[in-house]
Amino acid sequence: DKAPLSKSLLLVPSTISILLTLLFQHYQKFFAYNLQAIKEDFQIWRLVCGRTICLDLKDTFCSSLLIYNFRIFERRYGSRKFSSFLLGAWMLSALFDLLLVEISQYMFGITINSLPSGFLGPVFALFVPFYSSIPRVQVTQVLGHFSITNKSLVYILGLQLLTSGSYIWILALSGLISGICYSSSILKVHRILCVPKWVAKIFSWTLEPVFSSAEPANEVRVGMGATVDIQRQQRMELLDRQIMMSQVAQMRRQRQQQGGMINWNRLFPPLRHRHNANYQDHHPSEQGIPPPTEVSEEQVARLMEMGFSRGDALEALRASNNDLNVATNFLLQH
């Protein structure tokens, strides 16, 4: 839902890759990422074919799962900005592929004539905004020391994709470098390598109706994990946390009743009760009420993409002074 470009990247290249592997194996040579043919014979078309379709089904499976998880960026930024990032990362990673191959040959004497095929450079480039902009929420712990978060599965998929080929580390490194360059506010690459508005309108008129889908109505939106398995685990964790929070609150009430702790609420009424009392007396104290904290709409949109309502997101951000991680943990625990 609301990610037609991600859906097209998930379906079209995967279908072509499966067809080339099972039925049309004699056409695989046209989709090989042959650097020697590009440099010596100037077959530039191999850059398009070789850097779009995977010829290994393992790479197809891992890259498809990563694109599925990274669809959150298209929902957050829009299809045009998301496609601009993919286009810029694709072009920059193609340049860095050639540079890294030349550096490897010059420094280590490694001659590389071909690289793994597929849409791998932009996929690795998406790890840069994923690391910097997606909040980290702990799901569970292994052996009491190792934390499992909502981002762990994505990193495991990236590691699996990284270890699937001999020279795929070049594609991973060039993708990460291109993602950093495109996301950098100093280089201003995003202003140069972007999809024009008229191109985005043409694709929105032609391809978006084909790959768009309606929002699911039967499934309750839980904005915690990137996959269904993580969401199920986090539902269980959320129930456990609610039980623990209720037990802790009950223990605190018992201690306050026994006199083991000072009940500050008896001496100083809460601010909410003070505000209600002033309102009932029709004498609101405007000077005693602090001005409301300005909330960033971008952070509100991020929390709403996780499944929380706008009112809860605003309240959590105001209570946490616009700290996204603290607000996320607050919403998960309350």
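Residues numbered from 1 in each chain as written. Predicted model: local features only at pLDDT ≥ 70, side-chain atom pairs only at ≥ 80, totals over all residues. Heavy atoms only, no water.

Looking at an unreviewed UniProt entry, one finds the protein named Ubiquitin-associated domain-containing protein 2 and attributed to Serilophus lunatus. What the UniProt record of the protein gives under Subcellular location (unreviewed entry) is the line "Membrane". (UniProt positions renumbered as here; feature names shortened; annotations may be inferred.)

As for the environment of Phe127
Within the secondary structure layout, Phe127 lies in helix α8 (residues 127-133). Considering only alpha carbons, one finds Phe127 and Gly175, 48 residues apart in sequence, at a separation of 8.9 Å. Sequence-distant contacts of Phe127, that is, excluding residues within four places in its chain, are made with Leu66, Phe70, Val154, Tyr155, Gly158 and Leu176. (Helix = DSSP H or I, 4+ residues; strand = E, 2+ residues; numbered from the N terminus. Contact = heavy atoms within 4.5 Å.)

A look at helix α17 (residues 310-319)
All buried positions along α17 are accounted for by Ala313, Leu314, Ala316 and Leu317. At the exit of α17 stands Asn321, carrying a positive phi of roughly 60°. (Buried < 20%, exposed > 50% of the residue type's maximum accessible area, 1.4 Å probe, protein only.)

Thoughts on the UniProt feature "transmembrane region" (unreviewed entry) in the protein
Those residues carrying the UniProt feature "transmembrane region" (unreviewed entry) are residues 6-24, 82-100 and 106-130 in this numbering. Across residues 82-100, the secondary structure splits into 100% helix and 0% strand, with the terminal C-alpha atoms separated by 26 Å. End-to-end, the C-alpha atoms of residues 106-130 are 33 Å apart, and along that stretch the chain is 52% helix and 8% strand.

Some words on the confidence of the model for the protein
Residues of the protein with pLDDT of at least 70 account for 74%, and the chain-wide mean is 77. Mean pLDDT values over the elements of the protein span from 39, in helix α14 (residues 264-267), up to 94, in helix α7 (residues 120-125). Counting contacts from residues 218-226, a segment whose pLDDT is below 50, to residues more than four positions away or on other chains yields 26 contacts. This stretch, residues 260-290, has a pLDDT under 50; its non-local contacts, to residues over four places away or in other chains, come to 13 contacts. (pLDDT = per-residue confidence, 0-100.)

Remarks on unusual backbone geometry
Positive phi, normally seen in glycine, also occurs at Phe42, with a value near 55°. In this structure, Phe42 sits in the loop between α2 (35-40) and α3 (45-50). Since its relative accessible area comes to 64%, Phe42 is described here as exposed.

Description of helix α16 (residues 297-305)
Listed as buried for α16 are Gln299, Val300, Arg302 and Leu303. In an axial view of α16, the angular spread of the buried residues amounts to 160°, which keeps them on one side of the axis. The first or second residue beyond α16 is Gly307, which carries a positive phi of 110°. (Arc of directions from axis to C-beta.)

Brief notes about the environment of Gly118
Considering the arrangement of structural elements, one finds Gly118 in the loop between β2 (114-115) and α7. For the pair Gly118 and Leu55, spaced 63 residues apart in the sequence, the C-alpha separation amounts to 7.1 Å. Not counting the four nearest positions on each side in its chain, Gly118 is found in contact with Gly50, Arg51, Thr52, Ile53 and Cys54.

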